[in-house]
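Per-entry structural report
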Amino acid sequence: MRTHLLIPSLLLLGSLSMATACSSGSSGTAGGTATAAPGSSATASPVRSVDPSKIKGLQIVSDNSEDTSCAWATSYPDVPGATAATEAMKKDVEARLALFRESCADAADASGAELNISHGFLVASGDVLGVRLTTLGGGGVGSGLSRRTYWYDGRAGAYRTALDLVGSGSRSAFVAALKSRLQGREGTDAQTLDQAFADPSLLAGELDDMAFTADGGLRVTFDPGTVGAVPAGSYSVTVPKKTVTPWLSDFGARAQRQSVSPSGSLDLGAAATPTPAVPTHTASGDDDTDCAKVTCVALTFDDGPSTAYTATLLTYLAQYQARATFFTVGQNVVAHPALVRAEVRAGHEVGNHSYSHPDLTRLNSEQVAYQLSRTSAAIKAATGTAPTLFRPPYGALNSTVRRATRLSPVLWTLDTEDWKYPDAAKVAQSVVSKVKRNDVVLMHDIHPTSVAAVPEILRALSAREYHFVTVSHLRSTM
Ligand code: ZN
């Protein structure tokens, strides 16, 4: 399997100001080609990242609100065979989302609240899968930044927690090693550490983020507030290979091996790894529609690509020779580059919708630039062409965001609110009854009902002699 040396945590937001360590002074760089993880020393070996497009049958499960007053975006992977790990992630994501939505509903003025759960792969090789979910915000319990790793043991057919990487008889030695490495770091002290590890029954929750570095060390990252004061941020400790190896469980030893030298392919013993067909429609040359002379509309689809629905949507659009614009999310592009290629081949435009769908107006300019440049790079890698347009998640735009990128922002003139109403007839009706010439229509291709609405939209508007063009085409000819 092709691997890159990248820092998974940096895939989320670039250099997270919240996560920079008090302990080392190293902060992530916006470039993303690697430096130490937050809280670790700058010379530490990085954790390898995985090319998710090589994981057969992978589906990214994502769901987003598009409402700035209760802004949330969640995603986690569904890997064939790893059902128990997928279930564990699903349960955690749904619980956090339910709590967040409750807090939104309770708050008189919820504006300012945001929940963002993104994913990254640690290992996907041999019989070992390791995934990290990173949660930002959320309000209430667990507010702030939190990371958790989820493991799947294909040989045993079982879900494993991070703590399961360490043999049960070696955990006290392991904890002692962590404590001695945390001693003396700024923002923590012996008393705080003794208290943090006093209750063994809490250990699995405290040590819930572990990953092997490329040189075989085991890196533990503690969420803010776990082993030091919250303002001190995350702490990261790496126990070197030589020290940690005798303490690993059988699964931990296999996970270490697959992290250091990935075997090339993932086999979790799935009964079937469905590989969904990628449409092969090709556009017939350049679009010569003149929107100054005929009635045009730009349909736009955000948040994909999605293995479950994007291919169907492409088929519908091809039936009407309709062109559209896809504002894709980077973490989905790297998982499904073939779908993004199919969009371009069929004559559609691909735009940038950030890497993990945060509200960009809450980030600093370096973080905004990272979210957008990483996604543009993924689109270019998939299609050969970098995008020129971006749509900010939640339509949230300010001067910092504008200045952080050369991409041209695109909002919309007709909002279907399709994410809120999972009803194809209602979505179709909202377009058919309200559309005007040169509208930019907002929809999302991660919802089955939104895609199911498209044939009726295409049929009804074609009958009224609308022409379906891309956003760039509309801008250049209207
Ligand atoms: Zn969106």
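Here's a quick rundown of the structure. (Residues numbered from 1 in each chain as written. Predicted model: local features only at pLDDT ≥ 70, side-chain atom pairs only at ≥ 80, totals over all residues. Heavy atoms only, no water.)

Side note on the packing of helix 13 (residues 424-434) against helix 14 (residues 448-463)
Selection rule: Angles shown run from 0 to 180 degrees and are taken between the N-to-C directions of axes, each axis being a line fitted to C-alpha atoms and, for helices, limited to the stretch in contact. Put simply, DSSP marks the helices as runs of H or I at least four residues long and the strands as runs of E at least two long, and each gets a number from the N terminus on. Should an angle fall under 35 degrees it is taken as roughly parallel, and over 145 as roughly antiparallel, whereas 65 to 115 is taken as roughly perpendicular and any remaining angle as oblique. For a crossing to be left-handed, the near helix must be turned anticlockwise from the far one by less than a right angle; the clockwise case is right-handed. For this analysis, residues touch if any pair of their heavy atoms sits within 4.5 Å. Polar here means any residue other than Ala, Val, Leu, Ile, Met, Phe, Trp, Tyr, Cys and Pro, which are nonpolar, and Asp, Glu, Lys and Arg, which are charged; Gly is therefore polar.
The geometry of helix 13 relative to helix 14 is characterised by a closest axis approach of 8 Å and an angle of 40 degrees between their N-to-C directions. Classified by the angle between their axes, helix 13 and helix 14 sit oblique to one another. Crossing angle aside, the handedness with which helix 13 passes helix 14 is right-handed. Contacts between helix 13 and helix 14 involve A424, V427, A428, V431 and V432 from the first element and T449, A452, A453, E456, I457, A460 and L461 from the second. The class makeup of the residues in the contact of helix 13 with helix 14 is 10 nonpolar, one polar and one charged.

Looking at the coordination of the zinc ion
The line we're drawing: Listed donor atoms are N, O and S within 2.8 Å of the metal (Na, K and Ca: 3.2 Å). As water is not included, a site may look incomplete. Each label reflects the angles at the metal, where four donors whose angles all fall between 85 and 135 degrees are tetrahedral, four or six donors whose opposite pairs open beyond 155 degrees and whose other angles stay between 65 and 115 are square planar or octahedral respectively, and the rest are irregular. Partly exposed residues are those whose accessible area sits between 20% and 50% of the maximum for their type, while under 20% is buried and over 50% is exposed, using a 1.4 Å probe and protein chains only.
Note on the zinc ion: its protein donors are E66 (OE), D303 (OD), H353 (NE2) and H357 (NE2). The metal-donor distances range over 2.1 to 2.3 Å. If you look at the zinc ion, its four donor atoms make angles of 85 to 166 degrees with each other, and the shape they trace is irregular. The motif formed by the donor residues of the zinc ion, counted along the single chain, is E-x236-D-x49-H-x3-H. Pair noted here: D303 is in the loop between strand 12 (295-302) and helix 8 (310-319) and H353 is in the loop between strand 14 (349-352) and helix 11 (365-383), with a separation of 50 residues, a long-range link. When sorted by exposure, D303 lands in the same class as H353, which is buried.

Topic: the sheet that holds strand 10 (residues 218-222)
This is how it is decided: Any two strands with at least two DSSP-identified bridges between them are counted as paired.
Across the sheet, three strands lie side by side as 9-10-11; this open sheet has antiparallel pairing. Only two strands of the sheet have a single partner each, and these edge strands are strand 9 (210-212) and strand 11 (235-239). Within the sheet, the average angular offset between the axes of one strand and its neighbour, ignoring direction, is 20 degrees. Examined bridge by bridge, strand 10 and strand 11 share five bridges and lie antiparallel to one another. Residue T221 lies in a different strand from strand 11, and its bridge partner there is S236. Here helix 3 (residues 171-182) sits on the sheet and contacts strand 9, strand 10 and strand 11; the angle it forms with strand 11, its principal contact strand, is near 125 degrees.

Distances and angles like these do not, on their own, reveal function.
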